[in-house]
Amino acid sequence: MNRIWDFFSNKGSTAAYAVITVIFTVIPEGVFKYGFIKCTWSDTAVIMVNRLILCAVVLVFANIIYQCYRKHRNVVTIKDKSFSISVEYGDLLQIGEGKKIINFDECFSTNVGDKPEDIKPDSVCGQYLMKYPIEDIQQLINASGVKPSGKSLFNQKDSYTPGTIIPRGDFLLMSFAKLDKDGLGKMTYPQYLECLDKLWEQIDLYHGTDDVYLPILGSRITRFDKDLTQQEFMNVIIASYRLSPKKMKKPNVLHIFCRRQDGFSLNDIIGVD
């Protein structure tokens, strides 16, 4: 029943209803006596059947076009009265405008490599550091005025509250995953939600008049106490932003960038048609 309802209520069907209404309004009724069928029925019956056939053809054709569009689209938008979210396939580091969020670990580590405590080269942070090396992260931290929130389990380094931002040009460097004694990034689900709440507050402070571009946080390397898919991480981020009192006001947009992968679809994001 749900699939039948979705078929008749989706945007493709809605467009079909509009087209059908225009056709029935513009084309005289008598034309339908010479439509899809011709028989010895009364004119009224022939007109009714031809109209029903036309409705079915337009409805099916519109839905084929709509499903093709859904399959191949690269961007979806979620809008409300006061905010706008754009979810897009793409490379965050290729964006020229706006402020880009780059998530580090809780200590703002900058070593890229294969050791457990190193930033992985294929992560967003690793790609950023290889493209824009940081010689002295402590200098950036000091300049931002951010203070440590405690000590990490890894080598007792200074750690910073997840979600804390350090500005660096068009990039907003964010503390994210907590480190265990081996230097591996780990978070609990409650910590993840707290991080998002902190992030929205920080974005409100630093985005100025720019849009903000954000990767799907936690969907690849960080170890969680819950086994969440990229799709689930995406929906959590969107739900958290919608509930936050610190959303960017229109016309500014929060852009969430994601990678194509099996088990993930823009069409399955909560709030997307």
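In this text the structure is predicted, and so the values were computed from the model without any measurement.

Another point: the packing of aromatic side chains. This model, assessed by the stated rule, comprises 15 aromatic pairs. Measuring from centroid to centroid gives 6.4 Å for Phe104 and Tyr128, while their planes differ by 80°, and the two rings are edge-to-face. One end of the pair, Phe104, is in strand β3 (residues 99-105); the other, Tyr128, is in helix α4 (residues 124-131), with 24 residues separating them in the sequence. In this structure, Phe104 and Tyr128 share a single accessibility class: buried. Between Tyr192 and Phe233, the aromatic rings sit 5.3 Å apart at their centres with planes inclined by 70°, giving edge-to-face as the arrangement. Within this pair, whereas Tyr192 is found in helix α6 (residues 189-206), its partner Phe233 is found in helix α7 (residues 230-243), the two being separated by 41 residues in sequence. As far as burial versus exposure is concerned, Tyr192 and Phe233 are alike and both buried.

Before going further, it helps to spend a moment on the pattern of salt bridges. Applying the stated criterion to the full structure yields four salt bridges. Where Glu106 meets Lys178, a salt bridge forms, and the shortest distance between an N and an O atom there is 3.7 Å. Separated by 72 residues along the polypeptide, Glu106 in the loop between β3 and α4 and Lys178 in strand β7 (residues 171-179) bring together distant segments of the chain. On the accessibility criterion, Lys178 (27% relative accessible area) is partly exposed. The closest approach of N and O atoms between Asp180 and Lys186, which form a salt bridge, is 3.3 Å. Given a relative accessible area of 11%, Asp180 falls into the buried group.

What follows concerns the environment of Lys198. Take Lys198: it is sitting in helix α6. In this structure, Lys198 is in contact with Pro162, Gly163 and Thr164, ignoring residues within four places of it in sequence.

Glancing now at the pairing of β3. Of all seven residues in β3, seven are buried; the element is thus mostly enclosed. Bridge count between β3 and strand β9 (residues 212-215): two bridges; the pairing is parallel. Residue pairing across strands places Lys99 opposite Val212, the latter belonging to β9. The pairing of β3 with β7 spans six bridges and is parallel. Bridging across to β7, Lys100 finds its partner in Phe171.

Let's shift gears to α7. For α7, with 14 residues, the first-to-last C-alpha span of 20 Å sits near the 20 Å given by 1.5 Å per residue. The buried fraction of α7 is high, at ten of 14 residues. Among the residues of α7, those classed as buried are Gln230, Gln231, Phe233, Met234, Asn235, Val236, Ile237, Ile238, Ser240 and Tyr241.

Taken together, the side chains of Glu194, Asp197, Glu201 and Asp204 present a region of like negative charge at the surface. Judged by its relative accessible area of 33%, Asp204 falls in the partly exposed class.

Attention now moves to unusual backbone geometry. What is expected of a backbone is that most residues other than glycine have negative phi and most peptide bonds are trans. Here Lys250 and Pro251 are connected by a cis peptide whose omega angle stands at 10°. Along the chain, Pro251 turns up in the loop between α7 and β11 (254-258). One non-glycine residue, Phe108, lies in the positive phi region at around 55°. With respect to the helices and strands, the residue Phe108 is situated in the loop between β3 and α4. One non-glycine residue with positive phi stands out, namely Gln156, at about 55°. Residue placement: Gln156 occurs in the loop between β4 (150-151) and β5 (158-159).

The subject of this paragraph is the side chain of Asn63. Mapping Asn63 onto the fold places it in helix α3 (residues 43-72). Within polar-contact distance, the side chain of Asn63 engages the side chain of Ser13 at 3.0 Å.

Residue classification places Glu106 among the buried residues on the basis of a relative accessible area of 3%. Only 3.0 Å separates the side chain of Glu106 from the side chain of Ser152, close enough to count as a polar contact. In contact with Glu106, other than residues within four places in its own chain, are Ser152, Asp158, Ser159, Tyr160, Ser175, Phe176, Ala177, Lys178 and Leu179.

For the rest of this paragraph, the subject is the environment of Asp105. With respect to the helices and strands, the residue Asp105 is situated in strand β3. For the pair Asp105 and Met174, spaced 69 residues apart in the sequence, the C-alpha separation amounts to 8.0 Å. Those residues in contact with Asp105 that lie beyond four places of it in its chain are Ile119, Ser175, Phe176, Ala177 and Leu179. A polar contact of 2.8 Å, which involves the side chain of Asp105, links it to the backbone nitrogen of Cys107.

What counts and what doesn't
Residues numbered from 1 in each chain as written. Predicted model: local features only at pLDDT ≥ 70, side-chain atom pairs only at ≥ 80, totals over all residues. Heavy atoms only, no water. Phe/Tyr/Trp six-rings, centres within 6.5 Å; stacked < 30°, edge-to-face > 60°. Helix = DSSP H or I, 4+ residues; strand = E, 2+ residues; numbered from the N terminus. Buried < 20%, exposed > 50% of the residue type's maximum accessible area, 1.4 Å probe, protein only. Salt bridge = Lys/Arg side-chain N within 4 Å of Asp/Glu carboxyl O. Contact = heavy atoms within 4.5 Å. Pairing = 2+ DSSP bridges. Expected span 1.5 Å × (residues − 1). Patch = residues over 30% accessible without salt bridge, like charges linked within 9 Å, V, L, I, M, F, W, Y side chains within 5 Å. Areas by Shrake-Rupley, 256 points an atom, 1.4 Å probe, with all protein chains shown as cover. Lys, Arg positive; Asp, Glu negative; His and termini not counted. Charge placed at Lys NZ, Arg CZ, Asp CG, Glu CD. Polar contact = N/O pair within 3.5 Å; in protein donor to acceptor, adjacent residues only side chain to side chain.

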